[in-house]
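# Understanding the architecture of this molecule
Here is what each chain is made of, one letter per residue.
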Amino acid sequence: NLKQWYQRRVRATCSTASLVGDNRRWSMPSDPSTLSPVREDVSSVQSRSVDDLFASGDGSPPGTVQCRQDLTSVGPATKRLVSLLQRMYSLGRSSKLNNGIAKQLFASTFFFINLTLFNTIMESPDALFSWDKGVRIRVQVEYITRWAHQVQLSHCVTNHLRELNQLLDLLSLPKRDILSSSWSALSRTFPALQPHQLHHVLTNYHVAQKPLIWLPPQTMPKGASVSLHLASYPPLSIPTRGYKVSSDLPDLLRPILSKLSSLLSTDTSSQFDVTITTDDPCIGLKLKLKTSGYVIVTDIVPHSPSSGENVKVWDHVLSINGTCVTGTSIKFCKKLIQESEGSVKLTICRT
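Residues numbered from 1 in each chain as written. Predicted model: local features only at pLDDT ≥ 70, side-chain atom pairs only at ≥ 80, totals over all residues. Heavy atoms only, no water.

On to the confidence of the model for the protein. This prediction gives the protein a mean pLDDT of 75; 69% of its residues lie at or above 70. Summarising per-element confidence for the protein, the mean pLDDT is lowest in helix α2 (residues 42-46) (42) and highest in helix α9 (residues 162-171) (93). Long-range and interchain partners of residues 13-70, a stretch whose pLDDT sits below 50, account for 89 contacts in this model, where long-range means more than four residues apart. (pLDDT = per-residue confidence, 0-100. Helix = DSSP H or I, 4+ residues; strand = E, 2+ residues; numbered from the N terminus. Contact = heavy atoms within 4.5 Å.)

Rendered as structure tokens:
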């Protein structure tokens, strides 16, 4: 069964790549400070040719298989790319970037890695469709993949490196196995490759004589582009929770943040204002700050100014007197209530 054999082969290739040569090349530091400084920005990495990017670190000419270690060496440009990704990841963590936005940022990054490298291989004038180059490139991409798994970004690899991974898995098949595999078997094993893309790879594969079992079905569309397009770019959606706002936010920005909080709410029909009229600084509400940043009502004191108003336990308090309190602190909320004169206006969200 080609599919079962292929899965075993991929596991064996990855295991061999981690054991042969310099094992330290596969170790990813958990402490970002141990990474060497990135001396090239994104544009300089992108400007390199595919041979530069996937060249081994020992200075051997690209595409030349001198020994097994040469096939399992990680190129310096690949290490710089992973170092840059680590810098992005560390910056997001240190700045407390919203987790949903951070995941979408890396989803977009891996989408462009997939699109750029896939199209570079497919459109390369000196076709890279051979076993030795396929294994060489597969090792470089596996190095990036292992970093993504270590920082819990496996979903980016699964969802946004699918076409590139299956293209490299196809090229990494030993020649005797790919020559004995029929068109239908290859198309079932590598479903991420469209029929015209698979046909392009097999047509340009480095072999003296193409086997007849590689012939595609007559119904395959002709003239279709073998490149990936931006049409499948992952959409950006603004998360509605998980924000943490500093309590020393300038007063000028608080009305804007209050409106933004209203827009981010999943159910705007459940938002309403409640005005509590009282001269007492204690309005009878017990509030709690959740880890998500929302201020919720946990208890209402009987016979207090709030007991007769439209306020219920577990209501979310979005703002007090027009000042956003999401992501602040209970101390800050008390200060706003105590500074009120005659009445307190609460913006409530009821889920």
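Next comes the rest of the write-up.
This next bit is on the environment of lysine 210. For lysine 210, the location among the structural elements is in the loop between α12 (195-204) and α13 (254-264). Lysine 210 sits 31 residues away from leucine 179 along the chain, and the two C-alpha atoms are 8.0 Å apart. In this view, lysine 210 contacts Leu202, Thr203 and Tyr205; residues no more than four positions away in its chain are not counted. At 3.4 Å, the side chain of lysine 210 forms a polar contact with the backbone oxygen of threonine 203. (Polar contact = N/O pair within 3.5 Å; in protein donor to acceptor, adjacent residues only side chain to side chain.)

Tallied over the entire structure, the rule returns five salt bridges. With a shortest N-O distance of 2.8 Å, arginine 350 and aspartate 315 are connected by a salt bridge. With arginine 350 in the segment after β6 (343-349) and aspartate 315 in the loop between β3 (295-300) and β4 (316-320), this pair connects stretches of sequence that are 35 residues apart. Accessibility expressed as a relative area gives 21% for arginine 350, which makes it partly exposed. (Salt bridge = Lys/Arg side-chain N within 4 Å of Asp/Glu carboxyl O. Buried < 20%, exposed > 50% of the residue type's maximum accessible area, 1.4 Å probe, protein only.)

Enumeration over the complete set of coordinates arrives at five aromatic pairs. An angle of 85° between the planes, with centres 6.4 Å apart, marks the rings of tyrosine 89 and tryptophan 147 as edge-to-face. Linking tyrosine 89 in helix α5 (residues 76-94) with tryptophan 147 in helix α7 (residues 131-150), this pair joins segments that are 58 residues apart in sequence. Pair check on accessibility: tyrosine 89 and tryptophan 147 agree, each one buried. Ring geometry for phenylalanine 106 versus tryptophan 147: centroids 6.0 Å apart, planes at 45°, classification tilted. Highlighted residues: phenylalanine 106 in helix α6 (residues 99-122) and tryptophan 147 in helix α7, separated in sequence by 41 residues. Each member of the pair phenylalanine 106 and tryptophan 147 is classed as buried. Aromatic rings pair up to connect Tyr89, Phe106 and Trp147 into one cluster. (Phe/Tyr/Trp six-rings, centres within 6.5 Å; stacked < 30°, edge-to-face > 60°.)

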